[in-house]
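Spelled out, the chains give:
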Amino acid sequence: MIDYLIIAGLIIIIILIIISISKNINEANITERLGKLENTTIKEINTFQINLTKNINDEFDKINEMLEYRLTMMNEKMNNRLDENFAKSNRTFTNILERLSKIDEAQKKIDNLSTDIVSLQSILTDKKTRGIFGEVNLKHILVNIFGENNNKIYRLQYTFSNNTIADAVIFAPSPLGTIAIDSKFPLEKYRIMVDKNKTKIERYLAEKQFKIDVKKHIDAISSKYIIPEITSSQAIMFLPAEAIFAEINAYHPDIIDYANSKKVWITSPTTLMSTLTIIQVLLKNIERDKYAKIIHQELNKLGLEFSRYKERWNKLSRSIETVNKDIENINITTDKITKRFESISSANFNDKEYIEENNNKDYK
């Protein structure tokens, strides 16, 4: 029993010794492995750090290159846009300068026009100068429509048989005939009538006198320039101012009715041009009709000549056919004579055959 206990104790001691030895060995291995692992990890970490640093530097270089490229492109685009904007600004500035110069010229023209208007107003204050102004305006319209010095269509300062002188006459086609045109310029009362600074009474009195003056002009034109069997049954009163014409047509229909009753047409520069243009068209149509009649007559004459030509050609054709037949007969006779001469020259015939052949031949 004691031996077993001793043996068991020895075994336990041996086991403990083995365990302690194995423990020391494991601790040493672990320590060694940990050391190796630590060295390996540090190397890997260093390698990773080096690679990471290199990659980061490479990426930073790439980013720097990309940034430099983009900055360069942006700089070029900015420069191009600045150049374009500068060129546009220069063009705009140049256009502004040109327009300013044109505005200066227009301003000068306006100043000159203002001076002309002032001088025109001073001219129109006198009745005689107003009459001359109307006559000049009338002449200008006639020249523009019919041409210079076209005496076949119109005349200026025309004297009628009753010794009245019209500013112009138009030799219109029938049934219109000779139409007299007289220029009138009732300006004084019109100015007062449309002046807002005047009182209502002044404007009313001016309007009343304006109507009286216009009707007097209508009466004068109707009595002087409508002459039976010499002129047309109508005449034209020419108002050189469109404003006066518009005033009469818009607000004074009684004047229009009065003029119609006196067979007087009231016209302005625009309406007179339209009227004269219509007359010009009528004259051209009349001339065209005359030429059309002449052409028709000539065509009829040409038709007669052509019928004669056809008849004579038919006669000639029949004569040519007869001559052709005669020529054919002459050709036949010529061929026979030629053959006869050939037979004679060859002497290849006897008397009997020759006599029979001659008896049977029918000479043509």
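Residues numbered from 1 in each chain as written. Predicted model: local features only at pLDDT ≥ 70, side-chain atom pairs only at ≥ 80, totals over all residues. Heavy atoms only, no water.

## Focus on a negative patch on the surface
1) Next: On the surface, a cluster of negative charge is made up of D58, E59, D61, E65 and E68.
2) Next: Mapping D61 onto the fold places it in helix α1 (residues 2-124). (Patch = residues over 30% accessible without salt bridge, like charges linked within 9 Å, V, L, I, M, F, W, Y side chains within 5 Å. Areas by Shrake-Rupley, 256 points an atom, 1.4 Å probe, with all protein chains shown as cover. Salt bridge = Lys/Arg side-chain N within 4 Å of Asp/Glu carboxyl O. Lys, Arg positive; Asp, Glu negative; His and termini not counted. Charge placed at Lys NZ, Arg CZ, Asp CG, Glu CD. Helix = DSSP H or I, 4+ residues; strand = E, 2+ residues; numbered from the N terminus.)

## A word on the packing of aromatic side chains
1) Next: By the definition in use, this model includes six aromatic pairs.
2) Next: Ring centres 6.0 Å apart and planes at 35 degrees place the aromatic pair F146 and Y154 in the tilted group. Across the pair, Y154 and F146 agree in class, each one buried.
3) Next: Connected via pairs of aromatic rings, a cluster forms that spans Y158, F160, F171 and Y225.
4) Next: In this arrangement the basic side chain of K215 is found over the ring face of Y258, its NZ or CZ atom lying 5.5 Å from the centre. (Phe/Tyr/Trp six-rings, centres within 6.5 Å; stacked < 30°, edge-to-face > 60°. Buried < 20%, exposed > 50% of the residue type's maximum accessible area, 1.4 Å probe, protein only. Lys NZ or Arg CZ within 6 Å of the ring centre and 35° of its normal.)

## What to know about the pattern of salt bridges
1) Next: Under the criterion given, the structure shown has two salt bridges.
2) Next: One salt bridge connects D182 with K184, and the closest N-O pair in it is separated by 3.1 Å.
3) Next: The residue D254 makes a salt bridge to K211 at a minimum N-O spacing of 3.5 Å. With a gap of 43 residues between them, D254 in helix α6 (residues 253-261) and K211 in helix α4 (residues 200-225) connect regions that are remote in the sequence.
4) Next: For D254, a relative accessible area of 30% gives the class partly exposed.

## Focus on the pairing of strand β2 (residues 165-171)
Along a regular strand, successive side chains alternate from one face of the sheet to the other.
1) Next: Burial of β2 is extensive: five of the seven residues sit out of reach of the surface.
2) Next: Sheet analysis places strand β1 (residues 154-159) next to β2, joined by five bridges and oriented antiparallel. Bridge pairing in β2 links T159 to I165.
3) Next: In this structure, the hairpin formed by β1 and β2 is closed by a connection of five residues, where N163 is found at a positive phi of approximately 65 degrees.
4) Next: With four bridges connecting them, β2 and strand β3 (residues 178-183) associate as antiparallel partners. What sits directly across from I170, in β3, is I179. (Pairing = 2+ DSSP bridges.)

## Observations concerning a nonpolar patch on the surface
1) Next: Together, I63, L67, L71 and M74 make up an exposed nonpolar region whose accessible area comes to about 400 Å².
2) Next: As for its placement among the helices and strands, L71 is situated in helix α1.
3) Next: Overall, L71 belongs to the exposed group, its relative accessible area being 55%.

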